[in-house]
Amino acid sequence: IRVIKPGIDGLVKKDNRFMDDLVEFIKADPLLGKQTQGMNYAKKVQELKSLVSEELDGARTFNNQQLAGTLLQSDEVIKLKSGAKLVLSVPDAFLSSNPNVMASEWVDGESLEDFYKKDNKKGRQVAEAIFKNWIEKAIMSNGFIHADMQMGNVKVDSNFSGDSIKAHILDFQQLFCS
């Protein structure tokens with residue numbers, strides 16, 4: 001379940017003003033201004049503001065997850081070098097009538113990082129297969145980029161079915177499509 005905290009908009013506006021003031025302080029400070037001359041902190045602050053804004057858009061996250069499911073989920077079985085079979089999944093998402101509340105299909109398992117720590121050979125094979133699949137199906141075919149693809153955003157259910165592994169790709173708050 002993903003909930004955007006009520007009243008967060010006010011806190012974000014306050015933080016944004018603070019960051020803008022901080023940029024001006026750095027520019028005006030005799031020592032910092034001189035040492036950081038030519039650095040475009042205002043641009044970095046604007047990029048950060050955009051990222052935060054995207055994080056707080058529940059409808060966007062829902063749409064991203066729906067798109068990911070359409071583009072990436074299949075019944076295709078990927079054979080690993082170990083002989084195990086890998087199935088990729090994108091959990092179904094459900095948007096509330098309140099766009100600040102979203103639920104996702106429950107996923108059992110552990111992070112790919114924890115799976116890797118227990119069995120680094122098989123964990124590496126799973127990571128490589130996910131990366132290869134992501135490159136082929138998402139980036140090369142659709143221009144679809146998960147902006148936070150990392151081991152913590154993949155949940156592995158190794159008890160899926162015997163020698164099969166099901167990997168669920170999570171966290172679709174920030175995606176880029178060409």
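Here the structure is a predicted model, which means the values were calculated and not measured.

(A) Summary view of the overall build of the protein chain. On a plain count of helices and strands, the protein chain comes out with 6 helices and 10 strands. Relative to its 178 residues, the protein chain shows a buried fraction of 33%. Counted over contacts in the protein chain with a minimum sequence separation of 6, partners at least 24 positions apart contribute 66%. A total accessible area of about 11,200 Å² is found for the protein chain, and carbon and sulfur atoms account for 54% of it.

(B) Molecular detail of the packing of helix H1 (residues 8–28) against helix H3 (residues 41–55). Two elements in contact, H1 and H3, have axes separated by 10 Å at closest approach and are oriented at 170 degrees. It follows from the interaxial angle that H1 and H3 lie roughly antiparallel. On H3, the residues touching Val 12, Asn 16, Met 19, Asp 20, Val 23 and Ile 26 of H1 are Tyr 41, Ala 42, Val 45, Leu 48, Lys 49 and Val 52.

(C) Inspection of the environment of Ala 167 at higher detail. With respect to the helices, strands and loops of the structure, Ala 167 is situated in strand E9 (residues 164–169). Residues Ala 167 and Glu 110, 57 residues apart in the sequence, show an inter-C-alpha distance of 9.5 Å. What Ala 167 contacts, discounting residues up to four positions off in sequence, is Leu 86, Val 87, Leu 88, Ser 89, Ile 130, Val 154 and Lys 155.

(D) Geometry of the environment of Lys 121. As for its position among the elements, Lys 121 is in helix H6 (residues 120–142). Looking at Lys 121, the relative accessible area reads 61%, which means it is exposed. On a C-alpha basis, the gap between Lys 121 and Ser 82 in space is 8.4 Å, while along the polypeptide they are 39 residues apart.

The rules behind the values
- Residues numbered from 1 in each chain as written.
- Predicted model: local features only at pLDDT ≥ 70, side-chain atom pairs only at ≥ 80, totals over all residues.
- Heavy atoms only, no water.
- Helix = DSSP H or I, 4+ residues; strand = E, 2+ residues; numbered from the N terminus.
- Buried < 20%, exposed > 50% of the residue type's maximum accessible area, 1.4 Å probe, protein only.
- Contact = heavy atoms within 4.5 Å.
- Areas by Shrake-Rupley, 256 points an atom, 1.4 Å probe, with all protein chains shown as cover.
- Axes fitted to C-alpha atoms, helices over the stretch in contact; angles between N-to-C directions.
- Parallel < 35°, antiparallel > 145°, perpendicular 65-115°, else oblique.

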